Amino acid sequence: MVKEMPVTVKRAIELIGLFVLGTIIIAGNTIIMPLLMAFFFSLVLLPVFRFFRKLKVPEVIAVFLPILLLTVIVALIIWLFSSQIGALVDDFPQIQRTVAKHLDNLSIWISKSFGYSPAEQVKFINVQSKKLFSSLGGVLSSAAGSLSGMVIFIGLLPIYIYLIILYRNLFLRFLLMWFNKEEYLNVEEAVRQTEKMVKSYLVGLLIQITYIIILLGGILWSFNIQNALLIGIIFAFLNLIPYLGALIGNILGVLLTLASSDSVADVLIVLGAITVVQFLDNNILMPRIVGSQVKINPLVSIVGIIIGGSMAGLSGMFLAMPVLSILKIVFDRSENYRQWGVLLGDERPVKSQMQV
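It should be emphasised that the depicted structure is a prediction, and the values quoted were computed from it without experimental measurement.

A. Structural context of the overall build of the chain. Regarding its fold elements, the chain presents 13 helices and zero strands. Start at the N end of the chain and walk to the C end: the helices and strands fall as α-α-α-α-α-α-α-α-α-α-α-α-α. Considering the chain as a whole, with its 356 residues, one finds that 33% of them fall into the buried category. Counting only contacts in the chain whose residues sit at least 6 apart along the sequence, the fraction spanning at least 24 positions is 69%. Taken as a whole, the chain presents about 23000 Å² of accessible surface, with 72% of it coming from carbon and sulfur.

Okay, structure coming up:
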């Protein structure tokens, strides 16, 4: 019946399906996002689980040990970040003096360029401050809600990972029951390629975080830039969000430098170091680590990241690329949805398909 439908009806049904799926994700993102994140981490931890099973470790313990390893890695990252934040707080008096100096210079520049006196600037700041404080209650309540949601997210993640790995064969059996036996080989190939892609992508991101922190932090430290390691950590994690994260990382790096130094040369050094590290990352290091596992064109990537962020926040932005990659794997192996796989891919036809 599907093949007999007009093309316009098929496309309309597909678009309606996408709209319904998006509505479900928005409404239930507090449930779906931890499950999705746990699914991806489970695929990464599966080789570790299989290693322990080869050593004849009981299955329950073999499932628990990879999760413990992941917890230790995350705890070390949090400790490293918090220690750098602590160092930043210790330098607060110096930061306060430096920021005050920059604000004075900015005030003088505004007076000369736009004719606003310091008194008028102070009056404007006071008015805006009152507006800010009036809405502070709503901001704090939403922040508290986000914090509680984050705690629930982190708490559920290891439980979900444990159960997904433990019942992996049950989920695979459930998946195969939706297809005819002659399609099993194609489904198994898609599952194996999905596991390979997710493992390569997430492990590659972990390696990417490590070498960006070492490279960027080391370069800035060699030039005696304050908070060098913190700038490296912030940029490394924001760089996980393709295209948009690097821009935000540049801005935060400049702001941190301005807060601790009154020299324009330091800002230029930070921007130059970030540019060099990003060039090495995009053109030499990351392509060799991840290879061609994620073949999504930049336009779809950016739109997907923005949609993921609007639907599920930071977790949606982080998961956008692996989700799009899995969708491409599925679409490429489906007769009815192969055109969507072409749309997601980055293979540009040499010539137009239109007959002129």
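B. Here's a closer look at the pattern of salt bridges. A full pass over the atoms with the stated rule returns three salt bridges. Linking Arg50 and Glu195 is a salt bridge whose minimum nitrogen-to-oxygen distance equals 2.8 Å. With Arg50 in helix α2 (residues 29–54) and Glu195 in helix α8 (residues 184–222), this residue pair connects regions lying 145 residues apart in the sequence. For Arg50, a relative accessible area of 39% puts it in the partly exposed group. With a shortest N-O distance of 3.1 Å, Asp332 and Lys328 are connected by a salt bridge. Remark: Lys328 and Asp332 occur in helix α12 (residues 298–332); sequence separation between them is four residues, near one turn of the helix. Looking at Asp332, the relative accessible area reads 30%, which means it is partly exposed. Looking at Lys328, the relative accessible area reads 15%, which means it is buried.

C. Structural context of the environment of Glu14. Its location among the elements puts Glu14 in helix α1 (residues 7–27). By relative accessible area, which is 12% here, Glu14 ends up buried. Taking the C-alpha atoms as reference points, Glu14 and Tyr337, 323 residues apart in sequence, are found 9.3 Å from one another.

D. Here's a closer look at the nonpolar core. Of all hydrophobic cores here, the largest spans 62 residues; its most connected members are Ile161, Ile165, Val198, Leu202, Leu216, Leu220 and Phe318. For this core, the secondary-structure elements that each account for two or more residues are α2, α3 (59–90), α6 (136–166), α8, α9 (228–238), α10 (244–260), α11 (264–290) and α12. For this core, the leading source of residues is α8, giving 12 residues. Setting aside its immediate chain neighbours within four residues, Val198 contacts Phe40, Leu43, Val44 and Ile326.

E. Broad picture of α10. Over its 17 residues, α10 extends 25 Å from the first C-alpha to the last, a length consistent with the 24 Å expected when each residue adds 1.5 Å. Buried within α10 are the following residues: Gly245, Ala246, Gly249, Asn250, Gly253, Val254, Leu256, Thr257, Ala259 and Ser260.

F. Structural view of the layout of surface pockets. Taken as a whole, the second largest pocket holds about 1900 Å³ of empty space. Taken together, 45 residues make up the lining of the second largest pocket; nearest its centre are Met37, Phe41, Val74, Phe237 and Phe318. Sort the elements by how many residues they give to the lining of the second largest pocket and α3 lands first, with 11 residues. Taken together, the residues of the lining of the second largest pocket sort by class into 38 nonpolar, seven polar and no charged.

G. Here's a closer look at the side chain of Asp266. Position of Asp266 among the secondary structure elements: in helix α11. A relative accessible area of 18% means that Asp266 is categorised as buried. Aside from chain neighbours lying at most four places away, what touches Asp266 is Ile225, Thr257 and Ser261.

H. Seen up close, the side chain of Glu195. Judged by its relative accessible area of 15%, Glu195 falls in the buried class. Separated by 2.8 Å, the side chains of Glu195 and Arg50 make a polar contact. Discounting residues that sit within four places of it in the chain, Glu195 has contacts with Leu43, Leu46 and Arg50.

I. Local environment of a nonpolar patch on the surface. On the surface, Ile159, Leu163, Tyr167, Leu170 and Phe171 cluster together to form a nonpolar patch covering roughly 470 Å² of accessible area. At the level of secondary structure, the elements contributing two or more residues to the nonpolar patch comprise α6 and α7 (168–176).

J. Geometry of the packing of aromatic side chains. One pass over the structure, following the stated rule, counts three aromatic pairs. For the ring pair Phe39 and Phe40, a centre distance of 5.5 Å and an interplane angle of 55 degrees mean the geometry is tilted. The exposure class assigned to Phe39 is partly exposed, which follows from its relative accessible area of 31%. Here Phe40 falls in the buried class, since its relative accessible area comes to 1%. Measuring from centroid to centroid gives 6.0 Å for Phe174 and Trp178, while their planes differ by 80 degrees, and the two rings are edge-to-face. As far as the burial class goes, Phe174 and Trp178 line up, both exposed.

Thresholds, definitions, all that
- Residues numbered from 1 in each chain as written.
- Predicted model: local features only at pLDDT ≥ 70, side-chain atom pairs only at ≥ 80, totals over all residues.
- Heavy atoms only, no water.
- Helix = DSSP H or I, 4+ residues; strand = E, 2+ residues; numbered from the N terminus.
- Buried < 20%, exposed > 50% of the residue type's maximum accessible area, 1.4 Å probe, protein only.
- Contact = heavy atoms within 4.5 Å.
- Areas by Shrake-Rupley, 256 points an atom, 1.4 Å probe, with all protein chains shown as cover.
- Salt bridge = Lys/Arg side-chain N within 4 Å of Asp/Glu carboxyl O.
- Core = buried A, V, L, I, M, F, W, Y, C linked by side-chain atoms within 4.5 Å.
- Expected span 1.5 Å × (residues − 1).
- 1 Å grid on protein atoms, 1.4 Å probe; cavity = no way out; pocket = protein on both sides within 12 Å on 5 of 7 lines; lining within 4 Å.
- Points joined across faces, edges and corners; volume = space filled by probe spheres on them.
- Nonpolar A, V, L, I, M, F, W, Y, C, P; charged D, E, K, R; others polar.
- Polar contact = N/O pair within 3.5 Å; in protein donor to acceptor, adjacent residues only side chain to side chain.
- Patch = residues over 30% accessible without salt bridge, like charges linked within 9 Å, V, L, I, M, F, W, Y side chains within 5 Å.
- Phe/Tyr/Trp six-rings, centres within 6.5 Å; stacked < 30°, edge-to-face > 60°.

Remember that the coordinates give geometry; whether it matters functionally is a separate question.
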